[in-house]
Amino acid sequence: MNLTGFRYIPVMSTIKNYKKEYFTRDLIAALTVAVVAIPQSMAYALIAGVNPVYGLYTAIVSSIFGSAFGSSKHLVTGPTNAICLLVAGSMRNYMGLDNAYQMLFLMTFLVGTLQMLYGIIKLGKVINFVSHSVIVGFTAGAGVLIALGQLNTILSISIKNSAQLPTMEKLYYVLTHINQTNLYALGLGLLTIVIILTCKRINKNLPGALIGIVIPILIIIMFGLDQKGVKLTGFIPSSLPPFKMVQFNFDSASKVFSGAVAISVIGLVEAISISKSISSTSRQKIDANQEFIGQGLANIISSFFQCFPASGSFTRSAINYHNGAVSRLSGILSGVVIGLVLLFFAPYARYIPNPCLAGVILVTAYSLIDQEEIKSIIKLGKFNSDSLAMAVTCLATILLPDLDYAIYTGIVLSIILYLKDTNKSPIKLFIPSQGRDLKINRQELMVVDEKTDLLIIQIEGHLYFGSAYDLEQKLDSLVDKANLYVLEMKNVISLDVTALNALKVFIKSVNRFGGKAMICGVRPEINLLLLKANLDTELGVDYEFTLSEDDLLKSIALDIEKTRVAFSCENTNTETDNFAYHLLQSVSNFNGGNSSNKKPAYFENTSTN
């Protein structure tokens with residue numbers, strides 16, 4: 001696989017290995033997806049604050065190229081509610097400008113470029129910086145925001161320049177002009193909601209959104225409700241998405257860049273999350289970097305066909321998979337089907353009532369609020385890091401004027417809370433105690449009240465700048481508590497320069513008090529770091545830090561006389577012999593060729609509290 005050279009094109013592999021019996025299943029899945037995608041795409045375009053035809057354009061182009069170049073065989077790319085809401089927030093201040101749509105298509109290009117860049121430099125793990133709780137909070141807040149933003153449409157209350165107004169201002173206007181509600185429009189919108197919910201209860205595979213729009217169209221034609229104030233979608237051109245060069249302008253790019261960054265990250269989070277969710281059942285291996293490139297190419301190409309940013313759609317992807325899609329060709333065919341519908345049936349779309357599209361959006365907005373997941377996060381603790389990140393992100397999404405700032409707020413808060421939760425360095429203290437048959441056990445200490453001859457300090461976890469201060473404080477409190485320290489680091493996962501400096505400070509302090517410190521059990525990569533830092537020179541040892549405790553004792557035995565001096569131990573052959581001397585002597589006897597051939601005195605992990 002060569003991601004940077006673009007020689008790996010997933011659709012080529014699909015075509016090469018495609019079997020004719022797959023086509024029927026892929027076509028059925030594509031038709032089902034298209035039936036759902038048509039009303040959804042038009043409705044989501046309204047969320048973005050643009051003409052519904054651009055939603056159809058986006059559904060056509062992005063689904064074709066997203067499926068062709070992405071990693072997942074079942075992911076369907078197109079307009080999504082969260083991305084459209086971010087588009088609306090990013091473009092709100094510019095929709096009144098003459099070049100508003102040119103700025104929108106430029107933002108689509110920037111989103112695609114960023115996503116493609118993430119894939120080329122293999123930042124597939126970048127989505128890990130967006131925690132699950134942040135996504136839950138954002139989607140819940142987005143659901144509330146989307147629902148509030150559609151109230152004026154379902155009530156048919158006209159608001160001048162509504163696309164440029166923050167949602168809260170629109171809500172205030174609606175509440176203060178509630179007497180202008182068109183009851184026919186409200187009735188049609190509620191009818192659509194009822195139909196969608198009823199179809200879901202009867203059979204989840206029924207195209208409730210399509211049925212919920214077709215029936216009101218028939219009612220409007222029969223009773224002429226368009227003459228009674230019910231607003232219709234209006235003229236939609238019978239043509240495929242037209243090619244048009246993106247107008248590159250530095251001033252325009254700088255205005256939409258912040259929004260493009262937020263959309264690029266959230267779009268990838270959506271796409272990867274959906275792909276992995278489906279792959280857990282389909283058993284397909286997902287390459288995050290390839291999916292980044294696929295989503296990026298889809299948005300870059302879409303920007304030249306008058307499309308706004310797109311991402312993976314959970315609804316349409318799930319429908320695609322559960323209706324028998326075998327390959328990525330189903331996603332490509334769904335875009336082709338939507339294009340054919342737009343080409344031959346666009347004149348009939350002008351009868352689609354806006355209140356019914358708002359009804360579709362309201363149902364979708366409600367489904368964004370994952371009540372079960374919210375409850376499970378809160379259940380873990382109302383004031384823990386996840387709950388706080390979720391709540392703050394949700395409120396920021398609803399209240400902040402720019403949604404991209406809400407995303408950044410959630411990400412930064414997650415990182416801060418993570419650092420707070422991981423700023424401790426767990427350590428355990430042990431002293432050796434003599435067991436049976438020359439075995440030496442480890443006895444755990446909660447505190448060290450008196451000075452001991454040998455103290456084993458077991459350090460665990462990630463040792464980095466956030467936890468270095470805590471490590472330094474704990475080690476400093478042990479400086480004069482023993483003659484010999486064994487720092488057992490087999491459970492240390494990572495070590496940075498700040499934490500390494502804390503270890504150096506401890507070693508120097510021990511030496512200043514006439515003691516000796518030794519390190520054992522480190523992982524190979526950490527051992528390399530310690531050697532590069534010349535820690536072996538500072539310790540005055542000639543062994544590798546990867547030695548286990550047992551091997552370290554053997555190493556000590558080679559320099560038994562020096563260690564005895566450090567311990568001030570003498571072999572008096574009395575019952576009051578220093579225990580550390582016996583410990584070292586047992587190892588010395590083993591290395592000296594004990595005639596009884598007894599095994600050396602090993603440390604056993606039989607710690608007691």
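From a predicted model like this one, the values you see are computed outputs, not experimental measurements.

A. Structural view of the packing of helix H16 (residues 371–379) against helix H17 (residues 385–399). H17 packs onto H16 with a crossing angle of 135 degrees between their chain directions and a minimal axis gap of 8 Å. One way to sum up the angle between H16 and H17 is to call them oblique. Here Ile374, Ile377 and Ile378 of H16 come into contact with H17, specifically with Asp386, Ser387 and Met390. For the contact of H16 with H17, the residue count by class is four nonpolar, one polar and one charged.

B. Up close: the layout of surface pockets. The calculated volume of the largest pocket comes to roughly 1600 Å³. Taken together, 49 residues form the lining of the largest pocket, with Ser313, Phe314, Thr315, Ser367 and Leu368 sitting closest to its centre. Counting only elements with at least two residues in the lining of the largest pocket, the list comes to helix H2 (20–48), helix H4 (81–91), helix H6 (132–149), helix H9 (183–202), helix H10 (208–223), helix H11 (250–282), helix H13 (314–322) and helix H15 (354–368). For the lining of the largest pocket, the class distribution of residues is 25 nonpolar, 18 polar and six charged.

C. Structural view of the environment of Gln473. Locating Gln473 in the fold gives a position in helix H19 (residues 465–476). The spatial distance from the C-alpha of Gln473 to the C-alpha of Phe506 is 9.6 Å, given a sequence separation of 33 residues.

D. The nonpolar core, seen in detail. Formed by 105 residues in total, the largest nonpolar core has its most connected members in Val50, Val87, Met91, Leu104, Met107 and Ile338. With 12 residues, helix H5 (residues 100–120) is the single largest residue contributor to this core. If we ignore the near neighbours within four places in the chain, the residues touching Val50 are Ala45, Met95, Tyr101, Leu104 and Phe308. Formed by 35 residues, the second largest nonpolar core is a distinct cluster that contains Leu445, Leu495, Val522 and Leu539.

E. Structural view of the environment of Pro52. Counting through the fold element by element, Pro52 comes out in helix H3 (residues 52–69). Each C-alpha atom, one on Pro52 and one on Ser41, is 7.3 Å from the other, the two residues being 11 residues apart in sequence. Leave out the neighbours within four places in its chain, and Pro52 touches Met42, Ala45, Leu46 and Thr233.

F. Inspection of the pattern of salt bridges at higher detail. All told, the structure shown has two salt bridges when counted by the stated rule. Of the charged contacts, one joins Asp251 and Lys255 as a salt bridge, the two residues approaching to 3.3 Å between their closest N and O atoms. With Asp251 and Lys255 both in helix H11 and four residues apart, this pair spans about one turn of that helix. We classify Asp251 as partly exposed; its relative accessible area is 43%.

The rules behind each value
- Residues numbered from 1 in each chain as written.
- Predicted model: local features only at pLDDT ≥ 70, side-chain atom pairs only at ≥ 80, totals over all residues.
- Heavy atoms only, no water.
- Axes fitted to C-alpha atoms, helices over the stretch in contact; angles between N-to-C directions.
- Helix = DSSP H or I, 4+ residues; strand = E, 2+ residues; numbered from the N terminus.
- Parallel < 35°, antiparallel > 145°, perpendicular 65-115°, else oblique.
- Contact = heavy atoms within 4.5 Å.
- Nonpolar A, V, L, I, M, F, W, Y, C, P; charged D, E, K, R; others polar.
- 1 Å grid on protein atoms, 1.4 Å probe; cavity = no way out; pocket = protein on both sides within 12 Å on 5 of 7 lines; lining within 4 Å.
- Points joined across faces, edges and corners; volume = space filled by probe spheres on them.
- Core = buried A, V, L, I, M, F, W, Y, C linked by side-chain atoms within 4.5 Å.
- Buried < 20%, exposed > 50% of the residue type's maximum accessible area, 1.4 Å probe, protein only.
- Salt bridge = Lys/Arg side-chain N within 4 Å of Asp/Glu carboxyl O.

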